[in-house]
Amino acid sequence: MSETTWQDTCSRNDTCGLTGAAAFFCGIPRSEVLVNGPLWCYYYALRHLEHGQSGVAQRMAVSQPDNNAIVFGTEKFLLETLDRLQREEHRPDLMLVENSCALSLIGDDLQGIVRKAGLPFPIVTMDSGGLDGGFAEGYAKASVALLRQSRWPKLPVRRGTVNVLGLTPFYYNGAADADEIVRLLTAAGYEVNAVPGCGSDVAALAKLPQAEYNLVVQPELGLPLAKALEEAYGTPYTVPGMPYGLDGTLAWLDRIGQVLPGQMDAVRREGNAARDELAVWENELSLNWGALWFDEIFVAAPGTTAVCLADAVRTEWIDTGRMTVYCQNDVTTTAGLTSHEADAVLTAGKDSGQAARILRGLHGALLLASSNESAFVQRDRQAVAVRNIAVPVKDEALLIRQPFCGLRGAAFMAQRLWNAYIGLKLADGK
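Just so you know, these numbers come straight off a predicted model, no measurement behind them. Sequence positions are assigned chain by chain, starting from 1 and proceeding in written order. Owing to the predicted nature of the model, reporting of local features is limited to residues with pLDDT of at least 70; listing and counting of side-chain atom pairs is limited to 80 or more, with chain, interface and lining totals taken over all residues. Excluding hydrogens and water, the side-chain figures rest on all heavy atoms present in the structure.

## What about the overall build of the protein?
Here's step 1: Here a strand is any run of E in DSSP of at least two residues, a helix any run of H or I of at least four, and the numbering for each starts at the N terminus. The secondary structure content of the protein amounts to 18 helices and 13 strands.
Here's step 2: With respect to the principal axes defined by its C-alpha atoms, the protein has extents near 70 × 50 × 35 Å.
Here's step 3: A simple rule labels every residue: compare its accessible area, found with a 1.4 Å probe on the protein chains alone, to the largest value its type can have, and call it buried under 20%, exposed over 50%, or partly exposed in between. Across the 430 residues of the protein, 57% fall into the buried class.
Here's step 4: Pairs of residues are marked as contacts when any of their non-hydrogen atoms sit within 4.5 Å. Put simply, of all contacts in the protein between residues at least 6 apart along the chain, 72% involve residues at least 24 apart.
Here's step 5: A 1.4 Å probe and the Shrake-Rupley method give the accessible areas. Residues count as covered only by the protein chains that appear here. Carbon together with sulfur atoms contributes 50% to the accessible area of the protein, which is approximately 18,300 Å² in total.
Here's step 6: In summary, the charge assignment counts Lys and Arg as positive and Asp and Glu as negative, without counting His or the chain termini. Note on charges: their place is set at NZ of Lys, CZ of Arg, CG of Asp or CD of Glu. Charged side chains of the protein number 37 positive and 49 negative; the gap between the two group centres comes to 2 Å.

## Some details on the nonpolar core
Here's step 1: The nonpolar core is taken to be a set of buried Ala, Val, Leu, Ile, Met, Phe, Trp, Tyr and Cys residues, with the residues joined through side-chain atoms within 4.5 Å. In terms of nonpolar packing, the biggest core is built from 64 residues, with Leu167, Leu185, Phe294, Val299, Trp317, Ile318 and Leu366 touching the most fellow members.
Here's step 2: The element contributing the most residues to this core is helix 18 (residues 406-428), with 10 residues.
Here's step 3: Domain boundaries shown here were taken from an automatic or database domain assignment. If you count residues domain by domain, this core takes at least three from each of domain 2 (158-259) and domain 3 (275-428).
Here's step 4: The residues touching Leu185, leaving out its near neighbours within four places in the chain, are Val162, Val164, Tyr190, Val192, Leu215, Trp252, Leu253 and Ile256.
Here's step 5: Counting residues in hydrophobic clusters, the runner-up holds 47 residues, among them Val33, Leu96, Met126 and Leu229.

## Looking at the sheet that holds strand 2 (residues 60-62)
In sheet architecture, strand pairing relies on hydrogen bonds along the backbone and comes in two forms, parallel and antiparallel.
Here's step 1: Pairs of strands are assigned from DSSP output, requiring at least two bridges between the strands. Strand order in this open sheet of four strands is 2-1-3-4, and the pairing throughout is parallel. Two strands close off the open sheet at either side, each with one partner strand: strand 2 and strand 4 (123-127). When strand polarity is set aside, the average angle formed by the axes of neighbouring strands in this sheet is 20 degrees.
Here's step 2: Direction of pairing for strand 1 (residues 31-36) relative to strand 3 (residues 94-99): parallel, over a ladder of six bridges. When the sheet's bridge partners are listed, Asn36 is paired in strand 3 with Asn99.
Here's step 3: Helix 2 (residues 17-26) rests against strand 1, strand 2, strand 3 and strand 4 of the sheet, and its axis sits at about 175 degrees to strand 3. Fitted lines through C-alpha atoms serve as axes, helices being fitted only where they are in contact, and the angles separating the N-to-C directions of these axes extend from 0 to 180 degrees.

## Overview of the domain arrangement of the protein
In many reports, interface size means the accessible area that the parts give up when they come together.
Here's step 1: Looking at the assigned domains, one finds that the protein contains domain 1 (9-150), domain 2 (158-259) and domain 3 (275-428).
Here's step 2: One C-alpha centre belongs to domain 1, the other to domain 2, and the line joining them spans 26 Å.
Here's step 3: In this complex, domain 1 contributes 23 residues to the contact, which on the side of domain 2 involves 22 residues.
Here's step 4: Salt bridges are defined by distance alone: a side-chain nitrogen of Lys or Arg within 4 Å of a carboxyl oxygen of Asp or Glu. The interface formed by domain 1 and domain 2 contains one salt bridge.
Here's step 5: Here Asp201 makes a salt bridge to Arg30, at a shortest N to O gap of 3.3 Å.
Here's step 6: Polar contact is the term for a pair of N or O atoms within 3.5 Å; when the atoms are in protein, one must be able to donate a hydrogen and the other to accept it, and sequence-neighboring residues count only if both atoms are side-chain atoms. At the junction of domain 1 and domain 2, the tally comes to five residue pairs in polar contact (both at pLDDT 80 or more).
Here's step 7: Residue type decides the class: Asp, Glu, Lys and Arg count as charged, Ala, Val, Leu, Ile, Met, Phe, Trp, Tyr, Cys and Pro as nonpolar, and the leftover types, Gly among them, as polar. In terms of residue class, the side of domain 1 that touches domain 2 is made up of 15 nonpolar, five polar and three charged.

## Some words on the packing of helix 16 (residues 352-360) against helix 17 (residues 371-379)
In a pair of packed helices, the angle between the axes and the distance between the axes together describe the arrangement.
Here's step 1: Interaxial distance between helix 16 and helix 17 falls to 9 Å at its minimum, and their mutual angle equals 40 degrees. In terms of orientation, helix 16 lies oblique with respect to helix 17. Relative to helix 17, the crossing made by helix 16 is right-handed. Across from Ala356, Leu359 and Arg360 in helix 16, the residues of helix 17 making contact are Glu373, Phe376, Val377 and Arg379.
Here's step 2: Tallied by class, residues from the contact of helix 16 with helix 17 come to four nonpolar, no polar and three charged. By definition in this entry, angles of less than 35 degrees are roughly parallel, angles greater than 145 are roughly antiparallel, angles of 65 to 115 are roughly perpendicular, and the rest are oblique. Each crossing gets its hand from how the near helix is turned against the far one by less than a right angle, where anticlockwise is left-handed and clockwise is right-handed.

## Things to note about the side chain of Thr305
Here's step 1: Here Thr305 shows up in helix 14 (residues 303-317).
Here's step 2: Since its relative accessible area comes to 8%, Thr305 is described here as buried.

## Looking at the environment of Leu105
Here's step 1: Positionally, Leu105 belongs in the loop between helix 6 (101-104) and helix 7 (110-117).
Here's step 2: As for Leu105 and Asp201, which are separated by 96 residues in sequence, their C-alpha atoms are 32 Å apart.

## Observations regarding the pattern of salt bridges
Any two side chains of opposite charge can pair, given that their charged atoms come close.
Here's step 1: Summed over the entire model, instances satisfying the criterion amount to 14 salt bridges.
Here's step 2: The shortest N-O distance in the salt bridge between Glu270 and Arg183 comes to 2.8 Å. Of this pair, Glu270 sits in helix 13 (residues 265-289) while Arg183 is found in helix 9 (residues 174-187), placing the two residues 87 residues apart along the sequence.
Here's step 3: Given a relative accessible area of 26%, Glu270 falls into the partly exposed group.
Here's step 4: Across the salt bridge formed by Asp247 and Arg275, the nearest N and O atoms sit 2.4 Å from each other. Separated by 28 residues along the polypeptide, Asp247 in helix 12 (residues 246-259) and Arg275 in helix 13 bring together distant segments of the chain.
Here's step 5: The partly exposed category is assigned to Asp247, whose relative accessible area is 42%.

## Here's the deal with the state of the cysteines
Here's step 1: Working definition: a disulfide is two cysteine sulfur atoms within 2.5 Å of each other. Summed over all chains, the structure comprises zero disulfides.
Here's step 2: Note on Cys198: no disulfide assigned, nearest cysteine sulfur contributed by Cys405 at a separation of 11 Å.
Here's step 3: Taking the relative accessible area as the measure of exposure, Cys405 reaches 0% and is therefore buried.

See below:
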């Protein structure tokens, strides 16, 4: 791995590429995943994915090759597993067969093997590439593999239609955020054609080429597919990032409108109404608890979430002395996204030591991160308010489906941040 250690990818800040690839296909309704690898890899991926979507276990299988497969290959085990799935009457619309990291080194012809099985549904094959990157790299690689192996025909472009690339229900609260993004785009006059890896079925994915524009909201997930679609079908793309906050969401729509004009009047009315209502509540809270302030804020999440949310935090919601942004993956170089409000932007792997030192020194602070980061401050009983924005999450139940992003998410996030501030004040006895 280039700048990320195995420990960072598989146990601390991220999950493996096999998990990311499985996540993309599990985000397609009526699709299934066959892991060509050991039970350890299968359960590792399943443990992560089942937190984002119920029923994943019924859509994933594993071949379990024995140690002799390193010498003789995995064909026997794959064919036996595929035969069992057929006898159990598995009839998905689409299946991913992916090699685990170790089995990628064997060099089995996966496509040739699955052709022997004579399956009555389409199959995409790939090496998961877990040794080359984490969740985002696996997700992106799977999306491009689907495009290239499906060979969808070029379709007439439908004006005003967009594909939304780079969304997944397996990011924390990802399904609710995806719903809000689709709702906003529809309200702004766009027709959402497909959301690959996050709700669009196989029939909808076959219509990806008919969109007028591709919107890449989380480039660590969606940018490789956008580039592949541009190469194959000539579809242009733009990278607006994720919309957080009221002003941030309207600015996000404006950026999209610069390349594909929409109809903003209804969305602006909704945003203004939400701003007026929030102002009343925030004025009342400020009178009771003082201005919303933290000495320091530490934001840690997948790259796009981290940099986009951080700017909304500081420009719309909270005053702070210092803000550090810690990205699970580097979107500053791959997509040009960065936080304009952060005092420091760090990247997992190369900056992990510096991030750990900052976490251990937090006091009177707000931590927007995952349970990996909150473990630092909870272990030492630091005076820190914690709100989860990324997986893994071990210390919070989020049972009501409300987005973090968009106009509806702006109110929900303001509520969570105020409650974090009030809780810290009460804990300090002030």
